[in-house]
Amino acid sequence: MSFKPADQIQDLQYFGEFGGVNPSISDSSTYTFLSAKTMFDTFEGNAEGCYLYSRHSSPSNLYLGQALAAMEGTETATVAATGMGAIVPAIMQVCGAGDHIVASRTIYGGTYAYMKNFCPRLDISTSFVDITDLKKVEAAITSNTKILYCESVSNPLLEVADIEALSGIARKHGIKLLVDNTFSPLGISPAKLGADVVLHSLTKFINGSSDTMGGVICGSQEFIDELRNVNDGACMLMGASMDSLRAASILKNLRTLHIRIKQHSTNAMYLATNFENDGLRTVYPGLTSHKGHNLFGKMMNTEYGFGGMLTIDVGSLEKANQLMELMQERNLGYLAVSLGFYKTLFSAPGTSTSSEIPEEEQAEMGLTDGLIRFSIGLDNDIERTYQMMRECMKETGIL
Ligand SMILES: *Cc1c(COP(=O)(O)O)cnc(C)c1O
């Protein structure tokens, strides 16, 4: 594929007041108008370049949104305070009472809980399906379906969604395809493969320093305008707006994303290959043993590799906990949820980030007790890290 997302970001040039090399931070929640007429027009959404109130938009948020839209190749984007603060309004803008969602059954625990437990209160129902089974996906669509929802690479099982095929199905039925691309920024460009809306938790790889939260909705100008509409826009009215100071700091981190992703991918590939050779049950899209390996290869922007996420199954929760505690003691990473940090993070999804999913359903989708999810860090000497991890596995009787 010829799309070069990092080049799109690189080509953006923003100056600050007084010629600063970074754009000035808009340190204001409200904005003055020279004429009352302009204020009215801005409320109506007809005053390009005018700012109203920072829950609606701010110059710093627009810079970040523009950079993320460039990265995803969409017309525009709007940022939010958290990933869920982007996902929920995107769904709410499209669905109302009586509507239906078809979603992958292996998605982020918070998104799953929102659709499963909260949406029914609004009379919105969801069918959770195996997203890799296109026949089942299409069969789940009804006349009330408004959204087909998936993650490019799913959390935590790392299933790969065939975005092109799913977009074909969505188009055929006149529904929107929403793709959460949090696990594969730069690596996969869902909008280029036909997704209508691309979502991210900026909290993860994109910001990359586990010091803030953030989210983004990338899509058409029409959809983003709807979300920001003062009368019925879900972003404007649900209130999860990002603060300008945070937008400015995330934009600076975005500038190094391409270097980080390459290092995350190289390190993850090295560890996954070695873990698999050691006989551990290893799931990583870069391994030829992975069910979605060829599909990922077909969709990917090659230079970024297969991403920084991998899982191993060490047989039981007890062993998983022993290993994680020992690795943390040896400073190989942190026993923590979240991902995309410069340091390796590991957790047992069944009892943490996916604990919202009932046990029977976890079993059905292959989410086992002994599963450890790794977000591989930016370690300079990954060979040394591997040797030290191997030592921990030996000491805990896993190898
Ligand atoms: C973390 C995460 C979210 C939620 O983002 P927050 O910033 O925590 O609100 C959504 N989707 C995926 C895939 C995630 O990993």
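Residues numbered from 1 in each chain as written. Predicted model: local features only at pLDDT ≥ 70, side-chain atom pairs only at ≥ 80, totals over all residues. Heavy atoms only, no water.

**A look at the environment of Asp-123**
The cut-off we apply is this: Secondary structure elements follow DSSP: runs of H or I of four or more residues count as helices, runs of E of two or more count as strands, with numbering from the N terminus. Contacts are assigned to residue pairs with any non-hydrogen atoms lying within 4.5 Å of each other.
For Asp-123, the position within the fold is in the loop between helix H5 (109–118) and strand S3 (125–129). When the C-alpha positions of Asp-123 and Ala-348 are compared, they lie 33 Å apart, and in sequence the two are 225 residues distant. When near neighbours in sequence (up to four residues on either side) are disregarded, Asp-123 contacts Gly-96, Ala-97, Gly-98 and Asp-99.

**Focus: the sheet that holds S3**
Within a beta sheet, neighbouring strands are joined by backbone hydrogen bonds and run either parallel or antiparallel to one another. So the rule is basically this: Two strands form a pair only when DSSP identifies at least two bridges running between them. The axes used here are C-alpha line fits, helices contributing only the stretch in contact, and every angle between their N-to-C directions lies in the interval 0 to 180 degrees.
Strand order in the open sheet made by the 7 strands is S1-S7-S6-S5-S4-S2-S3, with mixed pairing throughout. One side of each edge strand has no neighbouring strand; the edge strands of this open sheet are strand S1 (76–80) and S3. Between one strand and the next, the sheet's axes are offset by a mean angle of 20°, whatever the strand orientation. Across 3 bridges, the pairing between strand S5 (residues 176–180) and strand S6 (residues 197–201) is parallel. Opposite Val-179, over in S6, you have Val-198 as the bridge partner.

**Describing the site of the ligand**
Basically, it comes down to this: To be near a molecule or strand, a residue needs just one of its heavy atoms within 4 Å of it. All accessible areas in this document rest on Shrake-Rupley with a 1.4 Å probe, and a residue is counted as covered only by the protein chains that are shown. Residues were grouped as follows: Ala, Val, Leu, Ile, Met, Phe, Trp, Tyr, Cys and Pro as nonpolar; Asp, Glu, Lys and Arg as charged; and all remaining residues, including Gly, as polar.
In the vicinity of the ligand there are 14 residues, among which Met-84, Asp-180, Ser-201, Thr-203 and Lys-204 approach most closely. Coverage of the ligand by the protein amounts to 94% of the 380 Å² it exposes when considered alone. Of the residues belonging to the shell around the ligand, the class tally is 5 nonpolar, 6 polar and 3 charged.

**A word on the layout of surface pockets**
Threshold: Of the two site types, the cavity is a set of points on a 1 Å grid over the protein atoms alone where a 1.4 Å probe fits but cannot get out, and the pocket is an open set with protein on both sides within 12 Å along at least five of seven lines, each lined by residues with an atom within 4 Å of a point. Grid points are joined across faces, edges and corners, and a volume is the space filled by probe spheres set on the points.
Within this model, the largest pocket holds a volume of roughly 770 Å³. Those elements giving two or more residues to the lining of the largest pocket turn out to be helix H2 (36–43), helix H3 (59–72), S1 and helix H8 (221–228). The leading source of residues in the lining of the largest pocket is H3, at 7 residues. Broken down by class, the residue content of the lining of the largest pocket amounts to 11 nonpolar, 13 polar and 5 charged. Computed from the structure, the second largest pocket encloses a volume of approximately 450 Å³. In terms of lining residues, the second largest pocket is bounded by 23 residues, among which Leu-157, Glu-159, Val-283, His-290 and Lys-291 are the most central. Of all the secondary structure elements, the ones that give two or more residues to the lining of the second largest pocket are strand S8 (281–283) and strand S9 (309–313). Here the residues of the lining of the second largest pocket are counted per class, giving 9 nonpolar, 8 polar and 6 charged.

**Here's the deal with the domain arrangement of the protein**
Counted only if it meets this: For the domains described, the bounds stem from an automatic or database domain assignment. Note: buried area is the sum, over both parts, of the accessible area (probe 1.4 Å) each one loses when the two are combined. A pairing counts as a salt bridge when a side-chain nitrogen of Lys or Arg comes within 4 Å of a carboxyl oxygen of Asp or Glu. Here a polar contact means two N or O atoms within 3.5 Å. Within protein one must be a hydrogen donor candidate and the other an acceptor candidate, and residues neighboring in sequence count only if both atoms are side-chain atoms.
Taken as a whole, the protein is organised into domain 1 (5–254) and domain 2 (258–395). If you average the C-alpha positions of domain 1 and of domain 2, the two centres end up 27 Å apart. Taken together, the contact pairs 37 residues of domain 1 with 39 residues of domain 2. Where domain 1 abuts domain 2, roughly 3,100 Å² becomes buried across the two surfaces, and 64% of that area is made up of carbon and sulfur atoms. When the area that domain 1 buries against domain 2 is broken down by residue, the three leading residues are Pro-156, Leu-158 and Phe-205, summing to 21%. Between Glu-361 and Lys-116 there is a salt bridge, and its shortest N-O distance comes to 3.4 Å. Summed over the shared surface of domain 1 and domain 2, the number is 11 residue pairs in polar contact (both at pLDDT 80 or more). By residue number, the principal contributor to the side of domain 1 that touches domain 2 is H5, which donates 5 residues.

**What about the pairing of strand S12 (residues 371–375)?**
The following threshold applies: The cut-offs for exposure are 20% and 50% of the maximum accessible area for each residue type, with area from a 1.4 Å probe on protein chains only; residues under the lower value are buried, those over the upper are exposed, and the others partly exposed.
Summarising burial for S12: 5 of the 5 residues are buried, a large majority. Along S12, one buried face is formed by Leu-371, Arg-373 and Ser-375 and the opposite face, lined by Ile-372 and Phe-374, is buried too. Bridging between S9 and S12 involves 5 bridges; their strand directions are antiparallel. Counterpart to Thr-311 in the pairing with S12 is Arg-373.

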